[in-house]
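Spelled out, the chains give:
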Amino acid sequence: MNLKIVPWRVALVLLLGSATLFAVYAAVTWLRMRYGYDYALGVAPLFDVDRSPNITAWYNALLFAAAAGCMALAGTGVAPRERLSWWGATAVLTALSISEIAELGSTLTKAITGIFDIERSTLIATFGAAGMLLAIAFLPMLSRLPRGTSALLVLAAGAYVAAVSLGYVRTQTAEAITQTALGELTEVQWAKVRQDWAYVFQAVSERGFRMAAPILCVYAVLSCLSGNGASLNLHIAPKTSPSGASE
């Protein structure tokens, strides 16, 4: 059986998955802020973006993994001299997928700021400069792609930058509310922070941009492949017996 992969339908399914997670998160947040139900039979922590592990982060990791897979697939159909860029993009997206589950970003930030005694803002600026250099390295690849595909990939990168920026703003908000460094917040202080609507809005917005980035990437690459005449089909073959007859 062959299933035809339609780019806009794939993107719609991924968006519906994100929307479902946001709806559940909104519900458990409302229960927490309105009635103080912070556990809700074990359901609330699974959808709380401030707790680890949570289903939202797992889903985001799958989105980045899907985007990495699309990049790898597209890279197999280009000239050998162009494959390095596609493999590089695949590696970056794979690292982001792993980071969503392992929380490498926050772990590295805490480790580096503690070891070298530098401000978080300085570290983020350094990472930002490294990100700009990485983006410049991908400009030749973008220039060879159709204009629409390049625009969507740039938009995806912009969405991720917005997510990182909102993460920094969210940290500043938490520290401003409690007058305490993020790594030193107690459970009581966290409870106070998570009752603040501005903080909740920033958390939701950050996760929204973080999910939008890989979805845009998946749609862009699949649309590019489809526009180039590639056959996007998922082949499901029946199990066959040793004699060759299907079971």
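All values reported here derive from a predicted model rather than from experimental measurement.

Would you explain the overall build of the protein chain in this entry?
Scanning the protein chain from terminus to terminus reveals 9 helices and 2 strands. Tracing the protein chain from N to C terminus, the helices and strands come up as β-α-α-α-α-α-α-α-α-α-β. Within the protein chain, the fraction of its 247 residues that count as buried is 36%. Contacts in the protein chain between residues far apart in sequence, at least 24 positions, make up 69% of those at least 6 positions apart. Surface summary for the protein chain: the accessible area is close to 14300 Å², and the carbon and sulfur share equals 68%.

Any chance you could explain the environment of S226 here in plain terms?
Tracing the sequence through the fold places S226 in helix α9 (residues 197–227). Of the residues examined, S226 reaches a relative accessible area of 37% and is grouped as partly exposed. S226 sits 219 residues away from P7 along the chain, and the two C-alpha atoms are 7.9 Å apart.

How should the pattern of salt bridges be read in this particular structure?
Two side chains of opposite charge can pair, provided their charged atoms sit close to one another. If you walk through the whole model with that rule in mind, you get 7 salt bridges. With its nearest N and O atoms 3.5 Å apart, the salt bridge here joins R144 to E82. Of this pair, R144 sits in helix α6 (residues 139–144) while E82 sits in the loop between α2 (55–75) and α3 (83–102), and the two are 62 residues apart along the sequence. Classification of E82 as buried rests on a relative accessible area of 16%. The partner of R210 in a salt bridge is E100, with the nearest N and O atoms 3.3 Å apart. Pair noted here: R210 is in helix α9 and E100 is in helix α3, with a separation of 110 residues, a long-range link. Note on R210: relative accessible area 12%, which makes it buried.

Help me out: how do you make sense of a nonpolar patch on the surface in this one?
Judged by side-chain polarity, W8, L12, L16 and Y219 come together as a nonpolar surface patch covering roughly 400 Å² of accessible area. With 3 residues, the top contributor of residues to the nonpolar patch is helix α1 (residues 7–35). Within the secondary structure, W8 is located in helix α1.

For this particular structure, what's the right way to read the nonpolar core?
M71, W86, L93, L153, C217 and V221 are the most contacted members of the largest nonpolar core, which has 38 residues in total. Listed by contribution, the elements that provide at least two residues to this core are α1, α2, α3, α6 and α9. The biggest single contributor to this core is α9, with 11 residues. Those residues within four positions of L93 in sequence are excluded, and the remaining contacts are F64, A67, A68, M71 and C217.

Which parts of the structure should I look at to understand empty space enclosed by the protein?
If a probe as big as a water molecule is rolled over the atoms, it shows which places are left empty. Applying the stated criterion across every chain, the model contains 3 cavities of 30 Å³ or more. Every residue along the wall of the largest cavity is listed here: V28, R32, Y37, D38, A44, P45, D48, R51 and R194. Class assignment of the residues belonging to the lining of the largest cavity gives a composition of 4 nonpolar, no polar and 5 charged.

What counts, and where the lines are drawn
- Residues numbered from 1 in each chain as written.
- Predicted model: local features only at pLDDT ≥ 70, side-chain atom pairs only at ≥ 80, totals over all residues.
- Heavy atoms only, no water.
- Helix = DSSP H or I, 4+ residues; strand = E, 2+ residues; numbered from the N terminus.
- Buried < 20%, exposed > 50% of the residue type's maximum accessible area, 1.4 Å probe, protein only.
- Contact = heavy atoms within 4.5 Å.
- Areas by Shrake-Rupley, 256 points an atom, 1.4 Å probe, with all protein chains shown as cover.
- Salt bridge = Lys/Arg side-chain N within 4 Å of Asp/Glu carboxyl O.
- Patch = residues over 30% accessible without salt bridge, like charges linked within 9 Å, V, L, I, M, F, W, Y side chains within 5 Å.
- Core = buried A, V, L, I, M, F, W, Y, C linked by side-chain atoms within 4.5 Å.
- 1 Å grid on protein atoms, 1.4 Å probe; cavity = no way out; pocket = protein on both sides within 12 Å on 5 of 7 lines; lining within 4 Å.
- Points joined across faces, edges and corners; volume = space filled by probe spheres on them.
- Nonpolar A, V, L, I, M, F, W, Y, C, P; charged D, E, K, R; others polar.

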